[in-house]
Amino acid sequence: MDLGLIDTLWILISAVLVALMQPGFTALEAGQTRAKNSISTAIKNISDFLIALMIFVTIGASLMLGNSLNGWVGWDSLFFYEDNFSEIVFILFQAMFASTAVTIISGSIAERTRYPTYLLIAVLISLFIYPIQAHWSWNQDGWLAQLGFIDFAGSTVVHSVGGWAALAAIMIIGPRLGRFNRTQNFEKSNLAMSALGIFLIWLGWIGFNGGSVLALNHETGKVILNTLVAGSMGGLSGLIYSRYKYGFYEVDSIMHGILAGLVCITASANLTSTLESVAIGSLGFFSYEIGRVLLIHWKIDDAIDAIPVHLFAGISGTLAVAFFVPNAPFLEQLQIQLIGIFVVGLYAFTVTYLFLKIANNFMPLRASEANEIIGMNISEHKASNSMHDLVQMMNLQANSKDFTQRISVEPYSEAALIAEFYNNVTRAFNQLTDENQRLIDEAAYRANYDQLTGLAKRNILFTEIERLLAHADNLPFLHGLLFIDLDGFKKANDTYGHDAGDEILKVVAQRIQAMIHQEDTAARFGGDEFVILIENIVSENQAAHITEQLMKSIRQPITTTQGQTICVDSSIGLKLFEPNCSIGVEELLKEADSAMYSAKKRGKGTWVLA
C-alpha cells in the first residue's frame, strides 16, 4: 500500500482518534456499572488494548491482510509491512479496530467475570476471530469481498463481531447475581463519567469512519459529516422516545442512542447522503431499543447494553447498505448483505461459545458468588477502600454482637458519613438495649424479690428447696427450714403505724441476712412471716444453735427513724430434712409451719423442732 504523505498522516491521526475510544469505553463502562468494580473495569480495558495491539501487529495483520488462501485466510511473513510507512500506519489503524471489537465484549460481561477470562477472550478475538473474518470482507481477495459484501468501516466486521462474541460469553457466564430478581436495574455508579465516555467514543468515531476512506479528501469530509449526523440523530431519537415512553428524558436512551446511530452508519457512511444519515441514525436507535427489550425478555444480562448497541444496530446498518449501493439490484445486494451478516455472526458466535465452553471446564470463567458480591476491585485486585473497611468493621460487630465500639474510617470519605450515621444508630441501639435490660432486670427482681425487705419471694424459695431435694449425694448433711412468725408485730404496727411496721420488717430482714451464709436462702413468706432455708447442717445441735442465735438477734430493740424504740420477738418452727427424702416441698413447709404454731402455743418467743 503506497499512499501520499497527507493521506498517510490522516490515517495516523485517525488511528490516534480510534485509540481515544478505549478511554471512552472505559469511562462509559465504569459509569454504567457499580463502583466496587471500577478498578477492574479500568485494568481489563487496558489489558484488552495491550493484548489486541500486540497480537494484531505480530500475527493478526498477516491473517487479515496477507496473501489470501482461497479467500478464507491470509498469511505473510511477520512484520511484512515494517519497511513501508503507509503500511505501518494502516496496520496500526487496523489494530485499533481489533481492540475495539475486544472491548465491546469485556463491557457486556462486566461485574461477574474473572480477570483471566478477559485476557483469554482478548487473545481469542484478536487472534482467531477478528483478523480471519476481516480477511473475508476487507481483503480484496477475501471471499465475502469477492461476493460483493459491503461493510465500509465495520458495522459487522467490528461491531457485530463484538456483539456476537459477547452474546456467546454471556450465555456461558450467566447474569449477575440478582439481576432479574427485582424490578429495577442495578445502580449505575456515575452517569456523568459515562457521558464523558460517550463524547470520547464519538470523537474517536471521526477517525473510525473518516480514516476508513484511507485518504483526506472531499469524501472524507462527507463521511465525517454523515457520522456526526447519524450519531446526533440516534441520541435525539432516544431523547424523544424516552420522553414519550417514560415521561422523562432517560439518560441511557440518549447515550446509547448516540452509539447505536454511530454503529448503524458505519457500514454505509461513504454511500449515504446527509439526509439519509438522519434516517440511519434513527434506525440505529430503534434497533438498539428492540435489542434491549429482547435481551431483558430472554434474561440475557448485558451490563452496559453492548449487544443491543453493537450487534442489533450493526446488523440493521449492514442491511441498510442495500438501499444505497449505486447500480446494484436491491434484492441481490440485500441477499449478499444477509449472507455476510449470517456467516460472520455464525463464525464469531460459534468459535467464541465453543472455546469458552471448553475453557470453563478447566478454568472457571465466572467469579465466585462471594467475590462478585464484594466486588472485583477487592476480590481480584486487592484494592481496599474506606467503604470496604467500613463493611468489614460492621460485619465484625454483627458477628461478635458487640456494638459498644465506635467505627472509625478515613475522614472526609463517602464512607465516613455512613460510619457517622451508623455510630449514631449503634449508640441509640446501645442506649435502648441498656434501658431494656434495666427494665428486664427490674421486672425480674420484682417477680422474684420482695420490694420492702429485699428478701426472696416464695418462687425462689420453692426452687431452692426442690434443688436440694433432687440433689442426692453421700455426704452426711441435713438441710433445715426455719418458719418464722414475729411476735408482737401486729401490736407494734397498730400502735406506731404502718411506717414503723415497715421499718420493723426491713430491720428483721437485715438481721436474718446477717445471720445466714451466702448459699442459704431467706424469703419473706407473707405479712410478718419469714422462711429460711439453711443448707448443709451437720447435726440437730448446730440447727438448734442457729435458731437460738437468730431469735436472739430478732428480739434486740429496734429504733425507728422517728426515734421510737420497739421490741418484737419471734416464734420459729424448725424442720430438718435429708437431700433424698421422699417428702415434697409443700409438705416440708407445712410441717415447719405447724411447728411454728406449736411454738406460739407454748407462749411465743421460742422454737419447736418438727
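Cut-off values and rules
Within every chain, residues take consecutive numbers counted from 1 along the sequence as written. Per-residue local features are limited, in this predicted model, to residues with pLDDT of at least 70; the limit for side-chain atom pairs, both in listing and counting, is 80 or more; totals at the level of whole chains, interfaces and linings are taken over all residues. In computing side-chain values, all of the structure's heavy atoms are included and hydrogens and water are not. A run of H or I in DSSP becomes a helix once it reaches four residues, and a run of E becomes a strand once it reaches two; helices and strands are each numbered from the N terminus. Every radius of gyration here is taken over C-alpha atoms, with the globule rule written as 2.2 Å times N^0.38, N being the number of residues. Think of it in three bands: residues with accessible area under 20% of the maximum for their type are buried, residues over 50% are exposed, and the middle band is partly exposed, with areas taken using a 1.4 Å probe on protein chains only. Whether two residues are in contact is decided by their heavy atoms, any of which lying within 4.5 Å being enough. Positive: Lys, Arg. Negative: Asp, Glu. His and the chain ends are not part of the count. In this description, the location of a charge corresponds to atom NZ of lysine, CZ of arginine, CG of aspartate or CD of glutamate. For two strands to pair, DSSP has to find at least two bridges joining them. Axis lines are fitted to C-alpha atoms, over the contacting stretch for helices. Their N-to-C directions set the angle, which ranges from 0 to 180 degrees. Residues are called lining when one of their atoms sits within 4 Å of a cavity or pocket point, these points coming from a 1 Å grid over the protein atoms alone, where a cavity is a set in which a 1.4 Å probe fits but cannot get out and a pocket is an open set with protein on both sides within 12 Å along at least five of seven lines. Grid points are joined across faces, edges and corners, and a volume is the space filled by probe spheres set on the points. Charged residues are taken to be Asp, Glu, Lys and Arg, nonpolar residues to be Ala, Val, Leu, Ile, Met, Phe, Trp, Tyr, Cys and Pro, and polar residues to be all remaining types, Gly included. Here a crossover is taken to be right-handed if, once the strands point away from the viewer, the path from the first strand over the helix to the second is traced clockwise. Remark: nonpolar core denotes a set of buried residues (Ala, Val, Leu, Ile, Met, Phe, Trp, Tyr, Cys) joined through side-chain atoms within 4.5 Å. Two aromatic rings, drawn from Phe, Tyr or Trp (for Trp, its six-membered ring), form a pair once their centres lie within 6.5 Å of each other, and the interplanar angle then sorts them: stacked below 30 degrees, edge-to-face above 60, tilted otherwise.

A. Looking closely at the overall build of the protein chain. A tally of regular secondary structure across the protein chain gives 22 helices and nine strands. The C-alpha atoms of the protein chain give a radius of gyration of 45 Å, which is well past the 25 Å a tight globule of 610 residues would have. Projected onto its principal axes, the C-alpha coordinates of the protein chain cover approximately 135 × 50 × 40 Å. Counting only residues that meet the buried cut, the protein chain has 50% of its 610 residues in that class. Across the protein chain, contacts joining residues at least 24 apart in sequence account for 74% of those joining residues at least 6 apart. Of the charged side chains in the protein chain, 38 are positive and 56 negative; the average position of the first set lies 11 Å away from that of the second.

B. Just the sheet that holds strand 5 (residues 529-537), in detail. If you trace the five strands from one edge of the open sheet to the other, you get 4-5-3-8-9, paired in mixed fashion. Each edge of the open sheet carries a strand with a single partner, namely strand 4 (521-526) and strand 9 (607-609). Each strand of the sheet is rotated relative to its neighbour by a mean of 20°, with strand direction disregarded. Of the pairings in the sheet, the one linking strand 8 (residues 569-577) to strand 9 comprises three bridges and is parallel in character. Each bridged residue has a counterpart across the sheet, and for Leu574 the counterpart in strand 9 is Leu609.

C. Expanded view of empty space enclosed by the protein. Enumeration according to the criterion identifies two cavities of 30 Å³ or more in this entry. Taken together, Phe25, Leu28, Thr103, Ile104, Leu259, Ile304, Asp305, Ala306, Val309 and His310 make up the full set of residues lining the largest cavity. Those elements that provide at least two residues to the lining of the largest cavity are helix 2 (21-32), helix 4 (85-108) and helix 12 (306-320). For the lining of the largest cavity, the element with the highest residue contribution is helix 12, accounting for three residues. Split into classes, the residues belonging to the lining of the largest cavity amount to seven nonpolar, two polar and one charged. Size it by volume and the second largest cavity reaches roughly 30 Å³. Contributing to the lining of the second largest cavity are Leu482, Met515, Ile516, Ile532, Ile534, Ile546 and Leu550. Of the residues assigned to the lining of the second largest cavity, the class counts are seven nonpolar, no polar and no charged.

D. Structural view of the pairing of strand 3 (residues 478-487). Of all 10 residues in strand 3, 10 are buried; the element is thus mostly enclosed. Here strand 3 shows a buried face lined by Leu478, Gly480, Leu482, Ile484 and Leu486 and a second buried face lined by His479, Leu481, Phe483, Asp485 and Asp487. Where strand 3 lies against strand 5, seven bridges are found, and the strand directions are antiparallel. Looking across to strand 5, one finds that Phe483 is bridged to Val531. Where strand 3 and strand 8 come together, nine bridges link them in antiparallel fashion. Among the inter-strand pairings, Asp485 is bridged to a residue of strand 8, identified as Ser571.

E. Molecular detail of the side chain of Thr227. The topology assignment puts Thr227 in helix 9 (residues 218-246). Non-local contacts of Thr227, meaning those with residues more than four positions away in its chain, are made with Trp202, Trp205, Asn209, Leu262, Ile265 and Ala269.

F. Looking closely at the pairing of strand 8. Burial within strand 8 is extensive, with eight of its nine residues counted as buried. The parallel pair strand 8 and strand 9, bridged by helix 22 (residues 585-601), forms a crossover whose chirality is left-handed.

G. Spotlight on the nonpolar core. In this structure, Ile125 and Tyr130 are the most contacted members of the largest nonpolar core, which totals 94 residues. Apart from residues no more than four positions distant in its own chain, Tyr130 is found in contact with Phe56, Met64, Gln94, Phe97, Ala98, Ala101, Ile125, Trp138, Val157 and Val158. Ala500, Leu505, Ala544 and Val568 belong to the second-largest nonpolar core, a separate cluster that totals 31 residues.

H. Broad picture of unusual backbone geometry. Backbone geometry at Glu111 places phi at a positive 80°, although glycine is not the residue there. Turning to its location among the elements, Glu111 is positioned in the loop between helix 4 and helix 5 (115-138). Classification of Glu111 as buried rests on a relative accessible area of 3%.

I. Spatial organisation of the packing of aromatic side chains. For the coordinates displayed, the defined rule picks out 22 aromatic pairs. Look at Trp164 and Phe349: their rings are 6.5 Å apart centre to centre, the planes differ by 80°, and that puts the pair in the edge-to-face class. Of this pair, Trp164 sits in helix 7 (residues 155-173) while Phe349 is found in helix 13 (residues 330-362), placing the two residues 185 residues apart along the sequence. Centroid distance Phe285 to Tyr288: 6.0 Å. Interplanar angle 50°. Geometry classified as tilted.

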